[in-house]
Amino acid sequence: MAYESYVLVCGGTACCSGGGTDVVEAFKKELDAQGLSGKVQVVVTGCLGFCEQGPIVKILPQGTFYVQVHEEDVKEIVAEHLVKGRVVQRLCYDPEQAKKLVAEANIPFYQKQYRIVLRNCGVIDPEKIEDYIARDGYKAIEKVLFEMTPEQVVEEMLKSGLRGRGGAGFPTGMKWKFAQQQPKGQKYMVCNADEGDPGAYMDRSTLEGDPHSILEAMTIAGYAIGASKGFIYIRAEYPLAIHRLEVAIGQARDLGLLGDDILGSGFSFDIELRFGAGAFVCGEETALLQSIEGNRGMPKPRPPFPAVKGLWGRPTVINNVETLANIPVIINKGADWFSKIGTATSKGTKVFALTGKVNNSGLIEVPMGTTLREIIFDIGGGIRGGHQFKAAQTGGPSGGIIPPQFLDTPIDYENLAKIGSIMGSGGLIVMDETDCVVDIAKFYLDFTVDESCGKCAPCRIGGRKLLNYLKKITDGRGTEDDIVQMQNISDAMCKASLCGLGQTASNPVRSTLRYFMDEYMEHIKDKKCRAGKCSKLIQYKIDPAKCKGCTLCARKCPAGAISGTVKNPHVIDQSKCIKCGQCELNCKFGAISHG
Amino acid sequence: MAKLTLEDLRRMRGEKQKAMEMRESSNKDVQVVVGMGTCGIAAGAKDTFTALVSAIDEKGLTNVLIRQTGCMGMCHSEPTVEVVVPGMPAVIYGHVDAATAREIVEKHIVGCELIEGKILDRPSIDIIKNG
Amino acid sequence: METPELITLEINGKSVTVPKGTTILNAAKAAHIKIPTLCYHPDLKAGASCGICVVRQLVPSRTEQGKWVPSPKLLRACCTEATAGMKILTHDPDIVQVRKTVLELILANHPSDCLQCPRSGSCELQAIAADFGIREIPFPKEVIHRDVDKSTPSIVLNPDKCIKCGRCAEVCQQMQNVWALEFIGRGEKTVMAPAAGVPLAESPCIKCGQCSAHCPVGAIYENDETAKVWAALRDPELTCLVQIAPAVRVALGEAFGMEPGALTTGKIYAALRMIGFDKVFDTNFSADVTIMEEGTEFIKRFTGGGTLPLLTSCCPAWTDWMEKYAPDFSENFSTAKSPQQMLSALAKSYWAEKNGIDHTKIHVTSIMPCTAKKYEISRDENMSATGTQDTDVVLTTRELARMIKAAGIDFNDLPEEKADDLLGAYTGAGTIFGVTGGVMEAALRTAYCLITGEAQPPSIDFKEVRGMEGVKTATIDIKGTKVNIAVAHQMGNVEKVIDQIREDRKNGVKPRYDFIEVMACRGGCIGGGGQPCLATDEVRAKRTAGIYTDDEKSVLRMSHLNPEVQALYKDYLGETGANGGEKAEHLLHTHYHKRDVYKFN
């Protein structure tokens with residue numbers, strides 16, 4: 001027997017400390033008193049994510065969202081809302097919402113989100129084409145094939161203002177237009193699913209959760225530019241996404257939604273999967289095309305651009321997975337609708353993989369123009385473990401670091417570029433004070449040095465030199481001249497590298513130097529790492545006041561670095577210490593610490 | 001299945017949409033949706049799925065439709081499971097291990113009671129429909 | 001001929017008009033503006049790897065109408081097409097700094113042993129570092145050490161010095177169609193090497209040496225065997241003979257400041273004697289012998305229903321390619337040895353007997369424009385027809401230049417000397433072996449006379465076979481008898497001719513060519529892998545002109561008229577191999593084997 005109503009009280013740490021537990025007790029007592037215990041269930045939930053406005057109470061099935069609810073408010077809620085069905089306006093998060101009273105709730109995690117790309121993820125069964133069709137799937141292709149000319153489709157893309165979501169942000173409509181304008185003949189449509197940024201998995205989730213949206217989008221693109229063949233270049237490290245795509249392609253072919261004469265329109269288009277082999281550089285479009293052709297994945301100079309001369313010398317459009325996922329919606333709902341979302345220069349939404357030191361890590365999709373603060377603190381639920389926000393990193397190894405002073409920057413392509421980062425593919429890594437910026441720069445350079453294809457000197461050699469300097473600094477052997485050299489090398493790499501990998505590989509260095517120079521100087525001059533991350537700069541110390549001289553640490557030390565006599569304070573020889581931490585771990589008197 | 005014409009596709013869409021509406025309004029079926037993206041599977045969603053199926057079998061429930069879906073986005077609390085029981089609000093549970101899966105079947109589906117401490121919430125589907 | 005569309009652009013404020021499709025680099029050259037380059041080579045498609053040739057474009061200002069402002073981005077001049085109305089800036093302090101940093105990065109990973117490097121003085125990296133005035137390298141030096149590949153007798157790969165310009169891979173793959181070298185590994189671990197980690201000798205490598213001729217630094221070079229020659233010269237027991245190839249005489253002068261194409265034959269003879277050789281001969285002599293052998297072989301097949309087309313066999317890189325990639329043409333190959341091998345065999349038999357010298361005490365050095373010749377001398381047992389290895393050592397033109405300099409000889413000041421008797425005289429037909437089409441032209445001159453019985457063909461020059469076009473075809477009318485010929489040079493152009501014959505075979509029709517000449521190197525031997533480095537088409541054209549001058553000034557221009565050749569047959573060989581001469585067959589002919597493209601185990 002179902003209850004009539006459910007009272008969800010947020011049980012997150014913030015709400016609890018704000019009085020949430022008292023609220024729960026008050027509800028249970030009041031409902032008992034009113035004889036409603038059998039009709040209303042009170043449930044404590046996981047963190048609902050709106051921690052600044054806690055304690056949060058949500059009433060279902062109406063979905064009313066009450067904020068800053070205290071013990072004294074409970075009686076009113078029970079009397080007004082649960083008994084009489086009248087929403088308590090003053091406690092509502094959104095007074096407007098009280099008027100709407102929608103059946104489906106807009107929840108905090110999702111509240112600031114606008115799921116266009118991820119519209120079907122988490123809703124449909126990705127291995128059932130009927131699910132996709134029922135949710136307006138393959139409706140856009142009907143419109144395109146039977147009611148629009150290729151030129152009109154391109155116009156619609158241009159009007160929408162959609163920009164490439166792979167990182168470069170090039171207007172999709174323009175790319176399609178270049179290819180469409182090439183003389184008729186064999187043309188190709190390629191989906192770049194070689195998502196390589198560490199920590200980015202937006203494309204993977206889209207392909208796993210809604211593979212048909214990509215197939216439909218590629219077919220639309222093929223029609224617009226005049227291509228009869230499509231390739232999805234997907235990294236081999238995504239077996240589930242590959243499986244779901246294979247199932248989807250099979251289903252689409254069976255129903256004639258891929259192949260000859262789609263839906264009787266006269267337009268034919270088919271898609272083939274091609275797998276990467278573990279090279280990040282193959283996400284760069286010219287290297288990707290080389291890989292499909294069976295050659296070594298090394299970038300080629302542009303111009304000529306792939307839209308003019310791509311796969312096997314033919315006009316080719318390459319779009320990222322996320323870019324493509326937007327296409328069917330733009331066709332169905334119109335470019336005008338799409339262009340109203342976002343900012344003046346960056347239309348639509350962006351999917352971010354919010355990871356790092358946040359409470360609610362996951363995949364989010366927000367309209368362009370949402371601020372970092374909203375993403376990290378509202379949607380993300382703030383910094384884990386009560387730590388302090390230090391910086392956010394966007395754009396993966398090509399991106400930059402964003403310090404607290406820019407938290408209220410509305411996110412779009414231009415704004416991020418201005419502050420020295422890039423949108424990138426959507427990786428958003430949140431850092432707290434226990435993260436060291438020099439270490440982060442080193443992590444990214446380690447990646448790009450390994451992934452550099454080796455063709456051009458600025459990236460191949462410059463990247464390694466940068467990494468060596470960063471290692472030097474984190475090892476405590478850095479000098480001020482190292483900073484000057486790093487800046488010179490970064491400049492040369494940015495201007496003289498052949499492809500985007502090399503051109504942007506120095507961004508983590510450039511942006512950390514720009515905003516955290518003092519932290520670099522601390523490493524260099526004071527041989528100190530304030531985050532406690534760089535192991536060579538950590539020092540273990542024995543507090544003579546607390547040390548009882550039990551000699552346990554000296555016996556545990558694998559390097560023989562601790563000396564002292566029984567019942568006398570012991571001392572650590574820093575030159576021998578290998579920073580393993582065994583002494584601190586074993587000391588029963590808390591006399592050893594590190595920093 | 002044969003290749004679709006335009007009319008076939010439209011008919012298929014209409015029929016499936018109608019069936020989904022009917023299911024929602026007729027209060028006939030209970031739906032359990034398990035997030036089976038790679039993050040979910042890595043956290044154990046396949047075990048969760050198996051536990052749900054066996055619990056449903058044990059209880060002899062015949063009106064429960066259990067299916068998979070992609071990533072719901074709340075990767076910090078995988079495995080995630082959405083439960084839609086007619087007459088009750090739809091909720092998403094997080095950190096659903098095999099034990100919680102049994103609890104969901106026993107307490108939520110059979111007992112019509114929400115489970116303490118595990119509710120995350122549900123996706124706001126069809127922003128597109130509404131927006 | 002279509003006139004190409006012309007476009008006008010501005011470089012450093014200077015207006016220049018060039019055909020559409022010209023790169024910024026070449027447009028600047030037309031405007032007499034030099035843009036520094038390192039990895040670029042005019043023979044090859046721009047690799048665009050080093051990043052030295054970066055230039056800046058001026059773009060319309062977004063704020064001020066009609067104003068042009070420098071773009072913050074830089075373009076590579078070598079591969080970017082110039083467009084109408086483009087405005088380019090080739091130098092500003094920022095560009096100069098970027099170029100300098102890129103060069104410093106390359107130098108930071110490059111060994112510092114210029115003084116001992118075989119390319120010291122001709123190294124493109126050394127030159128640009130000197131031009132840029134690099135005095136110190138701000139970054140710590142880091143040279144990743146790898147083993148040297150000395151597996152072939154011809155070419156040495158020294159990966160420590162490689163700057164990954166990519167020219168060798170482009171040459172080996174696109175110019176030569178051999179595919180022995182490729183970028184292997186990734187990032188800083190990249191090496192230019194054969195696939196699957198096999199040594200060069202077990203790869204498709206045909207030892208043509210074009211990689212070494214295009215390498216800007218000392219990462220690929222010829223296997224230097226000058227020490228062996230010095231040792232032989234010092235050995236009092238040995239009689240040291242030397243032969244020089246046709247192409248050497250128009251290129252050796254370049255090492256001494258002369259123009260390419262300068263004919264230095266007499267000086268070379270003098271230099272060789274000064275170095276200490278006992279007798280100086282000329283491969284042009286045995287080129288004439290080759291025409292006798294191959295000419296009669298062709299006539300026999302052509303008139304007697306033998307296997308056609310006949311394929312020339314004097315280029316050992318081409319022979320190696322055929323044995324690996326087209327063994328179905330073994331029967332088509334002329335069994336005549338190369339002129340080098342013929343002369344060495346004759347030196348240790350004919351000349352030895354005539355001079356009463358024990359042939360086991362004769363040492364033959366061969367100066368060649370070619371690295372593959374170092375491999376040819378031990379190709380199989382036919383190369384030791386005299387009982388010992390016929391040719392003892394091959395030195396490339398580059399090595400000879402070094403020997404002459406090491407000996408302290410002032411080449412420019414040497415007198416013109418003559419070659420020694422018996423194996424030194426040559427006709428114009430022999431000397432043109434050094435250029436593409438030369439073997440064919442020499443053969444046609446003699447074949448015409450042998451077929452018709454006339455004293456000489458109506459025109460002694462067969463201009464149809466000359467020139468730099470990749471494949472030249474013609475039908476030669478020998479008094480009513482039509483001979484279809486093809487001449488191909490640069491290995492990349494050869495496969496299509498082979499495929500044409502394969503197609504004819506498949507269709508069961510008469511092969512469209514009767515006689516095909518193939519030279520592995522662009523331009524023929526004058527463009528050989530052992531010639532002075534940094535050759536371009538301009539240089540090749542000059543060397544070619546020098547060869548044809550040598551032909552034109554020769555008194556005798558047909559091989560069968562060479563008195564020393566006539567004496568050889570009269571006094572020693574008797575008939576040619578094709579006409580049943582057993583001695584000729586034994587000394588001057590060889591056979592062919594199928595070889596693996598890759599050897600794995």
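Just so you know, these numbers come straight off a predicted model, no measurement behind them.

1. Digging into the overall build of chain C
Next up, step 1: Within chain C one finds 18 helices and 17 strands.
Next up, step 2: Rg of the C-alpha trace for chain C: 26 Å, near the compact-globule value of 25 Å for 601 residues, within the 12% margin.
Next up, step 3: Within chain C, buried positions represent 51% of all 601 residues.
Next up, step 4: Put simply, 73% of the contacts in chain C that link residues at least 6 apart link residues at least 24 apart.

2. Some words on the domain arrangement of chain C
All names here are of chain C.
Next up, step 1: For chain C, the domain assignment lists domain 1 (6-108), domain 2 (114-222) and domain 3 (227-588).
Next up, step 2: Distance from the C-alpha centre of domain 1 to the C-alpha centre of domain 2: 27 Å.
Next up, step 3: Counted by class, the side of domain 1 that touches domain 2 contains 10 nonpolar, 3 polar and 4 charged residues.

3. Focus on helix α12 (residues 285-292) of chain A
Along an α-helix, a turn takes 3.6 residues, which lines up residues three or four apart on a common side.
Residue and element names in this part refer to chain A.
Next up, step 1: Among the 8 residues in α12, 8 count as buried, and that is most of the element.
Next up, step 2: When α12 is considered as a whole, its buried residues turn out to be E285, T286, A287, L288, L289, Q290, S291 and I292.
Next up, step 3: Check the buried side of α12 and you find it contacts β5 (188-193), β6 (229-234), β7 (270-275) and β8 (316-320).
Next up, step 4: In the stretch just after α12, G294 is the one whose phi turns positive, near 90 degrees.

4. Focus: the nonpolar core
Next up, step 1: Counting 382 residues, the largest nonpolar core has A:V9, A:I220, A:A221, B:Y93, C:V102 and C:A520 as the members making the most contacts within it.
Next up, step 2: A per-element tally of this core places helix α10 (residues 211-225) of chain A first, with 9 residues.
Next up, step 3: Filtering out sequence-adjacent residues up to four positions away, A:A221 remains in contact with A:W176, A:M189, A:V317, A:N319 and A:I327.

5. Remarks on the packing of helix α6 (residues 140-147) of chain A against helix α13 (residues 321-333) of chain A
All names here are of chain A.
Next up, step 1: With their axes 8 Å apart at the nearest point, α6 and α13 run at an angle of 65 degrees to one another. Of the two elements, α6 crosses α13, and the hand of that crossing is left-handed. Here A140, K143 and V144 of α6 lie close against α13, whose contacting residues are P328, I331 and N332.

6. Describing the interface of chain A and chain B
Next up, step 1: Opposite the 54 residues of chain A that make contact, chain B presents 44 residues.
Next up, step 2: Of the residues in the side of chain A that touches chain B, the class split is 30 nonpolar, 13 polar and 11 charged.

7. Digging into the arrangement of the chains
Next up, step 1: With 2 pairs of chains in contact overall, the contact-richest pair is chains A and B.
Next up, step 2: Regarding chain B and chain C, which are not in contact, the minimum distance between any of their C-alpha atoms is 29 Å.

8. Considerations on the interface of chain A and chain C
Next up, step 1: At the interface, 28 residues of chain A touch 27 residues of chain C.
Next up, step 2: At the level of secondary structure, the elements contributing two or more residues to the side of chain A that touches chain C comprise α17 (437-451), α18 (457-474) and α19 (480-496) of chain A.
Next up, step 3: Grouping the amino acids of the side of chain A that touches chain C by side-chain chemistry returns 13 nonpolar, 7 polar and 8 charged.

9. Digging into unusual backbone geometry
Next up, step 1: A cis geometry characterises the amide bond from A:R302 onward to A:P303, with omega recorded as 10 degrees.
Next up, step 2: Relative to the helices and strands, A:P303 resides in the loop between α12 and β8.
Next up, step 3: Cis geometry marks the peptide bond from C:L308 to C:P309; its omega dihedral reads 0 degrees.
Next up, step 4: As for its position among the elements, C:P309 is in the loop between α8 (283-304) and β12 (310-311).
Next up, step 5: Phi at B:C112 is positive, roughly 55 degrees, even though this residue is not glycine.

10. Comments concerning the environment of A:I402
All names here are of chain A.
Next up, step 1: The residue I402 is located in strand β12 (residues 401-402) in this model.
Next up, step 2: What makes I402 buried here is the crowd of 24 C-beta atoms within 10 Å.
Next up, step 3: Between the C-alpha atoms of I402 and A392, which are 10 residues apart in sequence, the distance is 5.1 Å.
Next up, step 4: Every residue in contact with I402, bar those within four places of it in the chain, is listed here: L372, A391, A392, T394, I419 and S421.

Conventions we followed
Residues numbered from 1 in each chain as written. Chains lettered and ligands numbered in written order. Predicted model: local features only at pLDDT ≥ 70, side-chain atom pairs only at ≥ 80, totals over all residues. Helix = DSSP H or I, 4+ residues; strand = E, 2+ residues; numbered from the N terminus. Rg over C-alpha atoms; globule rule 2.2 N^0.38 Å. Buried ≥ 20, exposed ≤ 12 C-beta atoms within 10 Å, placed from the backbone. Contact = placed C-beta atoms within 7 Å. Domains from an automatic or database assignment. Nonpolar A, V, L, I, M, F, W, Y, C, P; charged D, E, K, R; others polar. Core = buried A, V, L, I, M, F, W, Y, C linked by C-beta atoms within 7 Å. Axes fitted to C-alpha atoms, helices over the stretch in contact; angles between N-to-C directions. Left-handed = near helix turned anticlockwise from the far one by under 90°.

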